[in-house]
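The lines below spell out each chain.
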Amino acid sequence: MTSATTVQTESPANSVRMVALASLVGTTIEWYDFFLYGTAAALVFNRLFFPTFDPLAGTLAAFGTYAVGFVARPVGGIIIGHYGDRIGRKSMLVLTLVIMGIATFLIGLLPTYAQIGPWAAVALIVLRIAQGFGVGGEWGGAVLMAVEHAPGHRRGFYGSWPQIGVPAGLLLSTGVFTLFARMPEEQFLAWGWRVPFLISILLVAVGLIIRVRILETPAFARIKDAAIEARQPIVEVLRTYPRQVLLAMGARFAENGGFYIFSVFVLTYATQRVKLDQQVVLNGILLGAACELATIPFFGGLSDRIGRRPVYLFGAAVTAAFAYPLFWILDTGSPSLILFGMVIIFAVGHAAMYAPQAAFLSELFGTRVRYSGASLGAQLASVFAGGLSPFIATGLLQAGYGRGAIAAYVIVLAAVTIVAVLAASETHRTEI
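Below is a summary of the structure that appears in this document.

Rules of the game
Residues numbered from 1 in each chain as written. Predicted model: local features only at pLDDT ≥ 70, side-chain atom pairs only at ≥ 80, totals over all residues. Heavy atoms only, no water. Helix = DSSP H or I, 4+ residues; strand = E, 2+ residues; numbered from the N terminus. Rg over C-alpha atoms; globule rule 2.2 N^0.38 Å. Buried < 20%, exposed > 50% of the residue type's maximum accessible area, 1.4 Å probe, protein only. Contact = heavy atoms within 4.5 Å. Areas by Shrake-Rupley, 256 points an atom, 1.4 Å probe, with all protein chains shown as cover. Axes fitted to C-alpha atoms, helices over the stretch in contact; angles between N-to-C directions. Parallel < 35°, antiparallel > 145°, perpendicular 65-115°, else oblique. Nonpolar A, V, L, I, M, F, W, Y, C, P; charged D, E, K, R; others polar. 1 Å grid on protein atoms, 1.4 Å probe; cavity = no way out; pocket = protein on both sides within 12 Å on 5 of 7 lines; lining within 4 Å. Points joined across faces, edges and corners; volume = space filled by probe spheres on them. Patch = residues over 30% accessible without salt bridge, like charges linked within 9 Å, V, L, I, M, F, W, Y side chains within 5 Å. Salt bridge = Lys/Arg side-chain N within 4 Å of Asp/Glu carboxyl O.

### Concerning the overall build of the chain
- Scanning the chain for helices and strands turns up 21 helices and zero strands.
- Its C-alpha atoms give the chain a radius of gyration of 21 Å, near enough to 22 Å, the size a compact globule of 432 residues would have.
- Taking all 432 residues of the chain together, the buried fraction comes to 61%.
- When contacts within the chain are restricted to residue pairs at least 6 apart in sequence, those whose partners lie at least 24 apart make up 87%.
- Total accessible area computed for the chain in this model is approximately 15100 Å², and 70% of it derives from carbon and sulfur atoms.

Okay, structure coming up:
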């Protein structure tokens, strides 16, 4: 009888390139859903769901609902990770894609404050929680599908493919939102903002068709064949890998927190403090994300050659060094400088951290609990870094602080990451 592992090795649907491509398409769709909310929170949700607040306070309230999605991410990581280690990676990826797609579609159907009052914000929060739960469980499975299929000397490169889904999702969501934002303001606020959320259901259908064709990873298949799955994966993670969980959390602070400062908060800073046309900053985000599509696989491949830690540390250092200059550039209002700044911060600073992250975090944990361990470390960081960063930065702005305080906050995030990565072991030659 042919073993499950042998079947998977021979299956063309399970080639490493096909798996990496499927992971990329799926993560692009899920991040499109997640980022779409951030753009809307920065630009329109304050007027639609919190109209009784002044503009900056309304934005702060909208970012509060935005942060709720990040609080739900570790819950999704724990629950989905548990079943990913018990049942398999593939089935959980299909489930998370469905959860994200339905939640995003329903946001597009929500009545606003003008129609149902405060209940509109309550419904928005519930659907944001569903989004956070879905993306919290999705990340670990997507990167493991790529990393566990990849040859040992190419895990950084192939593991970076699902990571490309972040700039691709950001590019797609910002581009679609920008297109509809060009409508007359009255029409855009009445119904135009809904369309980017509603078309998500079509993207999800495409993602499901691709994901159901992919088989389970050989690493998990061996665990399944030997019947040695962890009975309580999250308990085993906390008992066996507590240090690795903390290091994974710390490694994500600059990457995750900085990313949401530069992709979401900058819209508020530019439009409400500098009084720039939102399109100028949206163009910068679009260009930075487009360039990152190429630099993520470059840095992922580089981490296979020189190690995960040097590449990661380089990205954290660039993020810290460029934090203040980027806000100075925004204050100048120069479109060309803003484009340059966004390219540096996304295509160099963020990409150098995010590219090796999939392999780096996966290599910290054993196969029996890898889904749970990588998800827990990554998603706990999203609560304290990414989820709070636009909220904290907007709070600093409302309190009267300028670019210096916001840049200092980004530098603190980078310092946490640098300490964590220095404390971690190099893993690029580790057998998984």
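Right, picking up where we left off after that structure.
### Quick word on the packing of helix α17 (residues 308-332) against helix α21 (residues 403-423)
- Closest axis-to-axis distance for the α17/α21 pair is 9 Å, and the angle between their directions is 180°. Between α17 and α21, the interaxial angle falls into the category roughly antiparallel. Facing Arg309, Tyr312, Leu313, Ala316, Thr319, Ala320, Ala323, Tyr324, Phe327, Trp328 and Asp331 of α17, the residues of α21 in contact are Arg403, Gly404, Ile406, Ala407, Val410, Ile411, Ala414, Thr417, Ile418, Val421 and Leu422.
- Of the residues contributing to the contact of α17 with α21, the split by class is 16 nonpolar, three polar and three charged.

### What about empty space enclosed by the protein?
- For the structure shown, the criterion picks out three cavities of 30 Å³ or more.
- Surrounding the largest cavity, Val19, Ala22, Ser23, Lys90, Leu93, Val94, Met145, Arg211 and Ile214 form its lining.
- Sorting the residues of the lining of the largest cavity by element identifies α2 (16-43) and α5 (89-107) as the ones contributing at least two each.
- Per-class residue counts for the lining of the largest cavity are six nonpolar, one polar and two charged.

### A closer look at a nonpolar patch on the surface
- Nonpolar side chains collect at one region of the surface, where Val98, Ile102, Leu106, Leu109, Ile201 and Leu202 lie side by side and expose about 490 Å² of accessible area between them.
- Those elements that provide at least two residues to the nonpolar patch are α5 and α12 (200-211).
- In terms of residue count, the dominant contributor to the nonpolar patch is α5 (three residues).
- Residue placement: Ile201 occurs in helix α12.

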